[in-house]
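Reading the structure
Below, each chain spelled out in residue letters.
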Amino acid sequence: MLGVLGVLLVGTALLVGCKQPAPQAPVAEPHMQPQAPIRLPIPLDKAGYKVDTTFWFIDPDPPRAYFVGLNIPFTAGDGRRIELIDAHPVKAKVTLHRMEEGGAETKMVLKAPVKISKPGEPYKSEWIALPDDVANSRRMGSYGTDDKTKIDGATYELRLGSAGFLPKGQYRLQVELLEDNPALKDMPAYLIFDLVPISK
(Lines give C-alpha, C1' and ligand atoms only; values in the text may rest on other atoms or scores of the structure.)
Protein backbone atom coordinates (compact mmCIF):
# COMPACT_ATOMS: atom_id res chain seq x y z
CA MET A 1 0.00 0.00 0.00
CA LEU A 2 2.82 2.38 0.95
CA GLY A 3 4.60 1.51 -2.28
CA VAL A 4 1.57 2.43 -4.36
CA LEU A 5 1.11 5.67 -2.39
CA GLY A 6 4.75 6.56 -2.95
CA VAL A 7 4.42 6.09 -6.69
CA LEU A 8 1.35 8.32 -6.74
CA LEU A 9 3.12 11.06 -4.77
CA VAL A 10 6.16 10.97 -7.07
CA GLY A 11 3.91 11.13 -10.13
CA THR A 12 2.05 14.11 -8.72
CA ALA A 13 5.34 15.90 -7.98
CA LEU A 14 6.52 15.33 -11.53
CA LEU A 15 3.29 16.75 -12.93
CA VAL A 16 3.58 19.84 -10.72
CA GLY A 17 7.27 20.31 -11.53
CA CYS A 18 6.81 20.00 -15.29
CA LYS A 19 5.08 23.35 -15.77
CA GLN A 20 3.79 23.81 -19.30
CA PRO A 21 4.95 26.98 -21.12
CA ALA A 22 2.36 29.72 -21.50
CA PRO A 23 0.83 29.80 -24.97
CA GLN A 24 2.41 32.40 -27.20
CA ALA A 25 0.31 34.98 -29.00
CA PRO A 26 0.16 34.20 -32.70
CA VAL A 27 2.42 36.30 -34.90
CA ALA A 28 0.38 38.50 -37.17
CA GLU A 29 1.12 37.77 -40.80
CA PRO A 30 0.69 40.35 -43.57
CA HIS A 31 -2.62 38.84 -44.70
CA MET A 32 -3.97 39.11 -41.12
CA GLN A 33 -3.51 42.89 -40.72
CA PRO A 34 -4.27 46.05 -42.70
CA GLN A 35 -1.81 46.77 -45.50
CA ALA A 36 -0.64 50.12 -46.83
CA PRO A 37 -2.07 52.27 -48.23
CA ILE A 38 -4.29 53.04 -45.24
CA ARG A 39 -7.14 55.56 -44.83
CA LEU A 40 -8.65 56.30 -41.41
CA PRO A 41 -11.27 58.93 -40.47
CA ILE A 42 -9.91 61.73 -38.26
CA PRO A 43 -11.54 64.87 -36.78
CA LEU A 44 -9.40 67.97 -37.26
CA ASP A 45 -10.80 70.40 -34.69
CA LYS A 46 -9.66 69.05 -31.29
CA ALA A 47 -6.11 69.10 -29.85
CA GLY A 48 -5.12 65.83 -28.21
CA TYR A 49 -6.91 63.54 -30.66
CA LYS A 50 -4.66 60.52 -31.31
CA VAL A 51 -4.36 57.81 -33.92
CA ASP A 52 -2.21 54.74 -33.18
CA THR A 53 -2.40 52.11 -35.91
CA THR A 54 -0.32 49.12 -37.02
CA PHE A 55 -0.15 47.87 -40.61
CA TRP A 56 1.99 45.96 -43.08
CA PHE A 57 3.90 47.52 -45.93
CA ILE A 58 4.51 45.44 -49.05
CA ASP A 59 6.95 46.83 -51.63
CA PRO A 60 5.10 48.36 -54.59
CA ASP A 61 6.25 47.40 -58.06
CA PRO A 62 7.88 49.54 -59.34
CA PRO A 63 9.22 51.01 -56.04
CA ARG A 64 7.51 54.24 -54.97
CA ALA A 65 7.87 56.62 -52.04
CA TYR A 66 5.15 56.92 -49.37
CA PHE A 67 3.84 59.89 -47.41
CA VAL A 68 1.68 60.62 -44.35
CA GLY A 69 -1.07 63.13 -44.99
CA LEU A 70 -4.71 64.13 -44.95
CA ASN A 71 -7.38 63.48 -47.54
CA ILE A 72 -10.41 65.79 -47.70
CA PRO A 73 -13.31 64.51 -49.86
CA PHE A 74 -15.63 67.01 -51.51
CA THR A 75 -19.16 66.94 -52.83
CA ALA A 76 -21.17 69.54 -54.72
CA GLY A 77 -21.34 72.84 -52.83
CA ASP A 78 -18.15 72.31 -50.81
CA GLY A 79 -15.99 74.75 -52.75
CA ARG A 80 -15.21 76.92 -49.69
CA ARG A 81 -13.45 74.03 -47.94
CA ILE A 82 -10.29 74.51 -49.98
CA GLU A 83 -9.89 78.10 -48.75
CA LEU A 84 -10.82 76.99 -45.22
CA ILE A 85 -8.23 74.20 -44.98
CA ASP A 86 -5.54 76.43 -46.53
CA ALA A 87 -6.25 79.17 -43.98
CA HIS A 88 -6.18 76.76 -41.02
CA PRO A 89 -3.30 74.28 -41.41
CA VAL A 90 -3.28 71.22 -39.16
CA LYS A 91 -0.41 70.89 -36.67
CA ALA A 92 0.36 67.37 -35.47
CA LYS A 93 3.01 65.17 -33.92
CA VAL A 94 3.72 62.33 -36.34
CA THR A 95 5.94 59.27 -35.86
CA LEU A 96 6.45 56.11 -37.89
CA HIS A 97 8.22 53.03 -36.49
CA ARG A 98 9.20 49.73 -38.08
CA MET A 99 8.35 46.83 -35.78
CA GLU A 100 11.22 44.37 -35.40
CA GLU A 101 11.31 40.81 -34.08
CA GLY A 102 11.23 40.62 -30.30
CA GLY A 103 9.07 43.74 -29.91
CA ALA A 104 11.71 46.38 -30.69
CA GLU A 105 10.71 49.39 -32.81
CA THR A 106 12.97 51.31 -35.19
CA LYS A 107 12.05 54.93 -35.77
CA MET A 108 11.79 55.98 -39.42
CA VAL A 109 12.70 59.49 -40.53
CA LEU A 110 9.81 61.59 -41.82
CA LYS A 111 10.74 64.69 -43.82
CA ALA A 112 9.09 67.86 -45.09
CA PRO A 113 10.27 70.57 -47.51
CA VAL A 114 11.55 73.83 -46.01
CA LYS A 115 11.97 76.96 -48.13
CA ILE A 116 15.61 78.05 -48.31
CA SER A 117 15.46 80.59 -51.16
CA LYS A 118 15.67 84.27 -50.28
CA PRO A 119 13.06 86.91 -51.21
CA GLY A 120 13.25 87.69 -54.91
CA GLU A 121 14.99 84.39 -55.74
CA PRO A 122 13.38 81.45 -57.55
CA TYR A 123 11.67 79.14 -55.07
CA LYS A 124 14.02 76.54 -53.64
CA SER A 125 13.43 74.09 -50.81
CA GLU A 126 15.33 71.45 -48.87
CA TRP A 127 13.88 68.27 -47.36
CA ILE A 128 14.65 67.99 -43.65
CA ALA A 129 13.49 65.71 -40.82
CA LEU A 130 10.41 66.92 -38.95
CA PRO A 131 11.69 69.00 -36.00
CA ASP A 132 10.61 67.27 -32.75
CA ASP A 133 8.34 65.08 -34.93
CA VAL A 134 6.01 68.08 -35.44
CA ALA A 135 4.38 68.57 -38.84
CA ASN A 136 2.22 71.30 -40.35
CA SER A 137 -0.08 70.26 -43.17
CA ARG A 138 0.97 71.44 -46.61
CA ARG A 139 -1.13 71.49 -49.75
CA MET A 140 -0.17 68.58 -51.95
CA GLY A 141 -2.80 68.59 -54.67
CA SER A 142 -6.42 68.20 -55.64
CA TYR A 143 -7.81 65.39 -57.73
CA GLY A 144 -10.98 65.12 -59.73
CA THR A 145 -11.38 68.69 -60.94
CA ASP A 146 -9.93 72.18 -60.58
CA ASP A 147 -13.32 73.80 -61.14
CA LYS A 148 -14.70 74.79 -57.70
CA THR A 149 -18.22 74.79 -59.10
CA LYS A 150 -17.89 71.16 -60.23
CA ILE A 151 -16.13 69.34 -57.44
CA ASP A 152 -18.50 66.46 -56.77
CA GLY A 153 -16.32 63.43 -56.00
CA ALA A 154 -13.02 65.38 -55.97
CA THR A 155 -10.47 65.07 -53.16
CA TYR A 156 -7.95 67.46 -51.65
CA GLU A 157 -4.69 66.13 -50.19
CA LEU A 158 -2.30 67.63 -47.67
CA ARG A 159 1.12 66.29 -46.73
CA LEU A 160 2.32 65.94 -43.13
CA GLY A 161 5.58 64.15 -43.84
CA SER A 162 7.33 62.02 -46.45
CA ALA A 163 8.48 58.52 -45.50
CA GLY A 164 10.49 57.97 -48.70
CA PHE A 165 11.23 54.40 -49.78
CA LEU A 166 10.59 51.80 -47.08
CA PRO A 167 11.62 48.15 -46.68
CA LYS A 168 8.90 45.53 -46.47
CA GLY A 169 7.64 44.97 -42.93
CA GLN A 170 5.21 45.83 -40.18
CA TYR A 171 4.88 49.49 -39.18
CA ARG A 172 3.28 51.60 -36.46
CA LEU A 173 1.97 55.07 -37.27
CA GLN A 174 1.13 57.48 -34.45
CA VAL A 175 -0.44 60.91 -34.95
CA GLU A 176 -1.55 63.42 -32.32
CA LEU A 177 -3.24 66.73 -33.11
CA LEU A 178 -1.49 69.56 -31.25
CA GLU A 179 -3.86 72.50 -31.69
CA ASP A 180 -7.57 73.20 -31.45
CA ASN A 181 -8.93 74.16 -34.86
CA PRO A 182 -12.62 75.03 -34.41
CA ALA A 183 -12.85 76.34 -37.97
CA LEU A 184 -12.44 72.74 -39.17
CA LYS A 185 -15.22 71.30 -36.99
CA ASP A 186 -17.36 68.77 -38.90
CA MET A 187 -15.03 68.83 -41.90
CA PRO A 188 -14.79 65.25 -43.21
CA ALA A 189 -11.16 64.14 -43.30
CA TYR A 190 -9.03 61.00 -43.44
CA LEU A 191 -5.54 60.29 -42.21
CA ILE A 192 -3.69 58.52 -45.01
CA PHE A 193 -0.44 56.66 -45.54
CA ASP A 194 -0.20 56.38 -49.29
CA LEU A 195 2.00 56.41 -52.37
CA VAL A 196 3.36 59.77 -53.44
CA PRO A 197 1.41 60.69 -56.60
CA ILE A 198 3.31 60.47 -59.87
CA SER A 199 3.71 63.88 -61.48
CA LYS A 200 2.00 64.14 -64.84
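Figured I'd write up the structure that's included with this text. (Residues numbered from 1 in each chain as written. Predicted model: local features only at pLDDT ≥ 70, side-chain atom pairs only at ≥ 80, totals over all residues. Heavy atoms only, no water.)

In this section: the packing of aromatic side chains. Remark: the centre distance and the inter-plane angle together describe each pair of aromatic rings, the angle taken between the planes. Here the structure, examined in full by the defined rule, presents five aromatic pairs. Taken together, a centroid distance of 5.0 Å and an interplanar angle of 45 degrees make the contact between F55 and F193 tilted. Remark: F193 occurs in strand β12 (residues 190–195) and F55 occurs in strand β2 (residues 50–57); sequence separation between them is 138 residues. Take F55 and F193: they sit in the same class, and that class is buried. (Phe/Tyr/Trp six-rings, centres within 6.5 Å; stacked < 30°, edge-to-face > 60°. Helix = DSSP H or I, 4+ residues; strand = E, 2+ residues; numbered from the N terminus. Buried < 20%, exposed > 50% of the residue type's maximum accessible area, 1.4 Å probe, protein only.)

Let's shift gears to the pattern of salt bridges. Taken as a whole and assessed by the stated rule, the structure comprises five salt bridges. Notably, a salt bridge pairs D52 with R172, separated by 2.6 Å at the nearest N-O pair. Taken together, the residues D52 in strand β2 and R172 in strand β11 (residues 169–177) connect sequence positions 120 residues apart. The exposure class assigned to D52 is partly exposed, which follows from its relative accessible area of 46%. Taking the shortest distance from any N to any O, the salt bridge between E105 and R172 comes out at 3.2 Å. One end of the pair, E105, is in strand β5 (residues 105–108); the other, R172, is in strand β11, and 67 residues separate them in sequence. (Salt bridge = Lys/Arg side-chain N within 4 Å of Asp/Glu carboxyl O.)

Let us now look at the nonpolar core. Ranked by size, the top nonpolar core spans 38 residues in total, and within it L44, V94, L96, L173, L191 and F193 carry the most contacts. For this core, the secondary-structure elements that each account for two or more residues are β2, β3 (66–73), α2 (80–87), β4 (91–99), β10 (155–164), β11 and β12. Beyond its immediate chain neighbours, meaning those up to four positions away, V94 contacts V68, L110, L130, D133, A135, L160, L173, Q174 and V175. (Core = buried A, V, L, I, M, F, W, Y, C linked by side-chain atoms within 4.5 Å. Contact = heavy atoms within 4.5 Å.)

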